[in-house]
Amino acid sequence: MADKVVLVSTTRTEFGKGPARRDRAAGLIPAVIYGHGAEPLHVNLPGHEAMIALRVQNALITIDLDGEEHLALAKDVQRDPVRQIIEHVDLLTVRRGEKVEVDVAIVLEGEVDPSAAMNLDSPTVTIEAEATHLPEGITVDIEGRQIGEHVYASDLVLPRGVELLTDPETLIVNISAPVEQDLGEEPEAEEGAEGEEGAEGAEEGAEGEESSEESSDEN
């Protein structure tokens, strides 16, 4: 569980691309808080502090809006595809003790056997846990694992109070033999054929020169 993160925010009263661009230029990030049947709250988050907080997947944030605190979970962070700056954030209102469904990352620990290759088939799994006790990731120990070994969702060691919602038979990690790449060298026969064609061309050129010389002598 991470330390409590509080973002002192302001109410957003103007909407549209123009006002949103002005807000971002002023170092703010437009956001909306929704959930539990309440009217959505449109806010501006402090840009620098919000970017730091949102580095954590499923960040749990306390929004201080005019002195009133709103506990919220970052559900959707929209970024510029080129510059990767945060353009908008969707925040889901949660209550302490309330269980929520989220996707969490698989975190690999260790190295497989030197003769093997590791394939991460499922980088995330879906879990249900209390909103205030969401794990940042699920650790999988792959130290020394050999060719032919597999890790399925049912093999994951989950923190206390966390329920797996992903199909238990989902393949998470597959340990296989390394794939050897074919460099695609050209067959020697083809090279020889090219050499013969080159030689024939040279012979034809020589014959042409001789014919030209003979014709010149005759003249």
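Bear in mind the structure is a predicted one, so any value in this text is a computation, not a measurement. (Residues numbered from 1 in each chain as written. Predicted model: local features only at pLDDT ≥ 70, side-chain atom pairs only at ≥ 80, totals over all residues. Heavy atoms only, no water.)

J.: Just checking my understanding: could you explain the pattern of salt bridges for this structure?
T.: Close approach of charged atoms lets side chains of opposite charge pair. This structure, assessed with the given rule, holds 3 salt bridges. Close ionic contact of R83 with D80 constitutes a salt bridge, the shortest N to O distance being 3.9 Å. Given the relative accessible area of 58%, R83 is considered exposed. In this structure, E149 and R145 form a salt bridge, with 3.3 Å as the shortest nitrogen-oxygen distance. Residue classification places R145 among the partly exposed residues on the basis of a relative accessible area of 22%. (Salt bridge = Lys/Arg side-chain N within 4 Å of Asp/Glu carboxyl O. Buried < 20%, exposed > 50% of the residue type's maximum accessible area, 1.4 Å probe, protein only.)

J.: Help me out: how do you make sense of the sheet that holds strand β1 (residues 6-11) in this one?
T.: Sheet strands pair via backbone hydrogen bonds, and the direction of the pair is either parallel or antiparallel. Around the barrel, which closes on itself, the 6 strands sit in the order β1-β3-β2-β6-β5-β4 with mixed pairing between neighbours. This sheet shows a mean twist of 45° between the axes of neighbouring strands, independent of strand direction. Pairing analysis gives 4 bridges linking strand β2 (residues 28-35) to strand β6 (residues 86-93), with the strands arranged parallel. Note on β6: the bridge partner recorded for A31 is V89. Of the strands in this sheet, β2, β3 (38-46) and β6 touch helix α1 (residues 17-25), which is tilted by about 120° from β2. (Pairing = 2+ DSSP bridges. Helix = DSSP H or I, 4+ residues; strand = E, 2+ residues; numbered from the N terminus. Axes fitted to C-alpha atoms, helices over the stretch in contact; angles between N-to-C directions. Contact = heavy atoms within 4.5 Å.)

J.: How should I be thinking about α1 in this particular structure?
T.: The periodicity of an α-helix, 3.6 residues per turn, causes residues three or four places apart in sequence to face the same way. Among all positions of α1, only P19, A20 and D23 are buried. Along the axis of α1, the buried positions cluster into a sector of 100°, meaning they face one direction only. Counted as exposed and oriented over 90 degrees from the buried face of α1: K17, R21 and A25. The inward-facing, buried residues of α1 contact β2 and β3. Immediately downstream of α1, the backbone of G27 shows phi near 85°, a positive value. (Arc of directions from axis to C-beta.)

J.: For this particular structure, what's the right way to read a negative patch on the surface?
T.: Where like charges cluster on the molecular surface, the negative patch consists of E109, E111, D141 and E143. In this fold, D141 is placed in strand β10 (residues 137-141). What makes D141 partly exposed here is its relative accessible area of 44%. (Patch = residues over 30% accessible without salt bridge, like charges linked within 9 Å, V, L, I, M, F, W, Y side chains within 5 Å. Areas by Shrake-Rupley, 256 points an atom, 1.4 Å probe, with all protein chains shown as cover. Lys, Arg positive; Asp, Glu negative; His and termini not counted. Charge placed at Lys NZ, Arg CZ, Asp CG, Glu CD.)

J.: Can you help me understand the side chain of S122 in this one?
T.: Mapped onto the elements of the fold, S122 is located in the loop between β8 (117-120) and β9 (124-130). At a separation of 2.9 Å, a polar atom in the side chain of S122 contacts the main-chain carbonyl oxygen of L171. Non-local contacts of S122, meaning those with residues more than four positions away in its chain, are made with I106, T170, L171 and I172. (Polar contact = N/O pair within 3.5 Å; in protein donor to acceptor, adjacent residues only side chain to side chain.)

J.: Would you explain the sheet that holds strand β12 (residues 163-164) in this entry?
T.: The 4 strands lie next to each other as β10-β7-β9-β12, forming an open sheet whose pairing is mixed. Single-partner strands in this sheet number two, and they are β10 and β12. Bridge analysis of strand β7 (residues 99-109) against β10 gives 5 bridges, and the strand direction is parallel. Looking across to β10, one finds that A105 is bridged to G137.

J.: Whenever I open this one, unusual backbone geometry confuses me. Can you help?
T.: Backbone phi values are negative for most residues with the exception of glycine, while trans is the configuration of most peptide bonds. Backbone geometry at N58 places phi at a positive 55°, although glycine is not the residue there. When you line up the elements, N58 lands in the loop between α2 (47-53) and β4 (60-65). What makes N58 buried here is its relative accessible area of 16%. Although it is not a glycine, D66 adopts a positive phi angle of roughly 55°. Position of D66 among the secondary structure elements: in the loop between β4 and β5 (68-79).

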